[in-house]
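Spelled out from the first residue to the last, the chains are:
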Amino acid sequence: MQSSITFYFEFFCLLLLLPTLALGECTCDAGGGEGTNKSEALKYKAVAIASILFAGAVGVCLPILGKRIPVLSPERSVFFIIKAFAAGVILSTAFVHVLPDAFDSLTSPCLAENPWGQFPFTGFVAMMSAIGTLMVGCVASSYFTRLHLNKAQPEQSGDEEKAAGEAHVHTHATHGHSHGIVDSSAGSAPSQLIRHRVITQVLELGIVVHSVIIGVSLGASASPKTIKPLVAALSFHQFFEGIGLGGCITQAKFKTRTIVTMGLFFCLTTPVGIAVGLGISNVYNESSPNALIVEGIFNAASAGILIYMALVDLLAADFMHPRVQSNGAIQLGVNVSLLLGVGCMSLLAKWA
């Protein structure tokens, strides 16, 4: 897990360096400086940092504290309903918020017609990002499953030899059925846990990418009209995105140190992005060609990751869960909850 923490830190630092690509570059004016008021905008940015930080912390901590709050435990039926709402928020974030921003950036008139106007880069990057997420998930799950089985094999063979004589005495009574059952459950539980851990880490990467870009854009803006609606919208978004991520972290059963690290990265990403945007607001222009290309490509990649994770790893896995499939009330609940999550987050697109 130490390598995972180091990777998150290095990746986070790399993302924060991206705005420097647009410094000192010729810009393309897309609308001038109408409605700018730096002193008033600064107040809203301070409120945004506090509000988004609080909302993210509460959201990601609720499922993690489920062990002490019975109703939020992953074993409870209501957890599926809450998680479906959060997955709907993530899905809507990708389709309604992040992907259109990527299209706007990569089809901007500020970019050269060749090659940006001659090929649909946004859809291509999102598609390759989703495929890459699938491949990374499969390879990582396969690798860690084999690693776990190789470590467990010597212990298992020792236990089998120790119990061989006793098993022989009870052969006629058991007909060997108990051995098959034990092996099956022993193999499936670690595999499921590994799958949850891979899903959680890939999901957090997708969230972190677009959160940094959103934070830097908000921090660099000097328009109170732009920032004001974003404060409420991003706080809402951060809260329910946190619930979705926190649910995955809970199911992955990480060690306390890793849980704290992942929670902190999620909570701090957007506020730190705002702080960075605030620091470079005098020299950063989001309409410069380099800024548009970087933001567009990373937003498209983030959208691809979030779409795949929401549909395949969050919604499909929970909707096909035996408890949901065998209970009509839960099935209705998760479907309604999903539509509510998608609808609420989509409605925020009117202001953000």
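Small disclaimer: the values here were computed from a predicted structure and weren't measured. (Residues numbered from 1 in each chain as written. Predicted model: local features only at pLDDT ≥ 70, side-chain atom pairs only at ≥ 80, totals over all residues. Heavy atoms only, no water.)

Let's shift gears to the packing of helix α3 (residues 77–106) against helix α13 (residues 328–347). Two elements in contact, α3 and α13, have axes whose closest approach is 7 Å; the angle formed by their N-to-C orientations is 30 degrees. As α3 packs across α13, the resulting crossing turns out to be right-handed. Together, S77, F80, I81, A84, F85, G88, V89, S92, T93, V96 and H97 of α3 and I330, G333, V334, S337, L338, L340, G341, V342, C344, M345 and S346 of α13 make up the contact between the two elements. (Axes fitted to C-alpha atoms, helices over the stretch in contact; angles between N-to-C directions. Helix = DSSP H or I, 4+ residues; strand = E, 2+ residues; numbered from the N terminus. Left-handed = near helix turned anticlockwise from the far one by under 90°. Contact = heavy atoms within 4.5 Å.)

Residues with a pLDDT of 70 or more make up 76% of the protein chain, whose mean pLDDT is 77. Per-residue pLDDT, averaged within each element of the protein chain, yields its smallest value for helix α7 (residues 171–174) (45) and its largest for α13 (92). Segment residues 163–187: pLDDT under 50, and four contacts once partners within four positions in sequence are set aside and those in other chains are kept. (pLDDT = per-residue confidence, 0-100.)

Turning our eyes to something else, we now look at the side chain of K83. Summarising the element assignment, K83 is placed in helix α3. We classify K83 as buried; its relative accessible area is 6%. When residues no more than four places from it in sequence are discounted, the contact partners of K83 are C248, Q251, L314 and D318. (Buried < 20%, exposed > 50% of the residue type's maximum accessible area, 1.4 Å probe, protein only.)

If you walk through the whole model with that rule in mind, you get six aromatic pairs. Geometrically, the ring pair formed by F239 and F240 is edge-to-face, given 4.8 Å between the ring centres and 85 degrees between the ring planes. On the basis of relative accessibility, which here comes to 22%, the residue F239 falls in the partly exposed class. (Phe/Tyr/Trp six-rings, centres within 6.5 Å; stacked < 30°, edge-to-face > 60°.)

What follows concerns a nonpolar patch on the surface. A cluster of nonpolar residues, F119, F124, M127, M128, I131 and M135, forms a patch on the protein surface that exposes about 560 Å² of accessible area. Summarising the element assignment, M135 is placed in helix α5 (residues 121–162). On the basis of relative accessible area, M135 is assigned to the exposed category, the value being 52%. (Patch = residues over 30% accessible without salt bridge, like charges linked within 9 Å, V, L, I, M, F, W, Y side chains within 5 Å. Areas by Shrake-Rupley, 256 points an atom, 1.4 Å probe, with all protein chains shown as cover. Salt bridge = Lys/Arg side-chain N within 4 Å of Asp/Glu carboxyl O.)

UniProt feature "transmembrane region" (unreviewed entry): in the numbering of this structure it lies at residues 48–66, 78–99, 119–144, 202–223, 262–284, 296–317 and 329–349. A distance of 31 Å separates the end C-alpha atoms of residues 78–99, which is 100% helix and 0% strand. Secondary structure across residues 119–144 comprises 92% helix and 0% strand; the distance between its end C-alpha atoms is 38 Å. (UniProt positions renumbered as here; feature names shortened; annotations may be inferred.)

Oppositely charged side chains may form a pair once their charged atoms are brought near each other. For the structure on display, the rule yields one salt bridge. The salt bridge partner of K83 is D318, with a shortest N-O separation of 3.5 Å. One end of the pair, K83, is in helix α3; the other, D318, is in helix α11 (residues 289–319), with 235 residues separating them in the sequence. An identical accessibility class is assigned to K83 and D318; each is buried.

Turning to the nonpolar core, a few remarks are in order. Among the nonpolar cores identified, the biggest contains 37 residues, and L203, L245, I249, M309 and V334 are the most heavily contacted of them. Of all elements in the fold, only α3, α5, α8 (177–220), α9 (224–252), α10 (256–279), α11 and α13 reach the threshold of two or more residues within this core. Looking at which element gives the most residues to this core, the answer is α11, with nine residues. The contact partners of V334, leaving out residues within four places of it in the chain, are F80, I81, A84, F319 and V324. In this structure, A48, I227, V231 and I274 belong to the second largest nonpolar core, which totals nine residues. (Core = buried A, V, L, I, M, F, W, Y, C linked by side-chain atoms within 4.5 Å.)

Time to look at α3. Residue pairs three or four apart in sequence face the same way in an α-helix, which turns once every 3.6 residues. Over its 30 residues, α3 extends 43 Å from the first C-alpha to the last, a length consistent with the 44 Å expected when each residue adds 1.5 Å. Approximately 35 degrees is the largest bend angle found in α3, and it occurs at T93. (Expected span 1.5 Å × (residues − 1). Bend = angle between axes of the 7 residues up to and from the residue.)

Here we take up the packing of α3 against α9. Where α3 meets α9, the closest approach of the two axes is 8 Å, and the angle between their N-to-C directions is 125 degrees. Comparing their axes, α9 and α3 come out oblique. In the packing of α3 onto α9, the handedness of the crossing is left-handed. Between α3 and α9, the residues in contact are F79, I82, K83, F85, A86, V89, I90 and T93 and F236, H237, F240, E241, I243, G244, G247, C248 and Q251, respectively. Classifying every residue of the contact of α3 with α9 gives 10 nonpolar, five polar and two charged. (Parallel < 35°, antiparallel > 145°, perpendicular 65-115°, else oblique. Nonpolar A, V, L, I, M, F, W, Y, C, P; charged D, E, K, R; others polar.)

What follows is about α10. Relative to the 34 Å expected for 24 residues at 1.5 Å per residue, α10 spans 33 Å between its end C-alpha atoms, a close match to the ideal helical length. Helix geometry: α10 is bent most strongly at L268, by close to 40 degrees, with proline P271 lying one to four residues after it.

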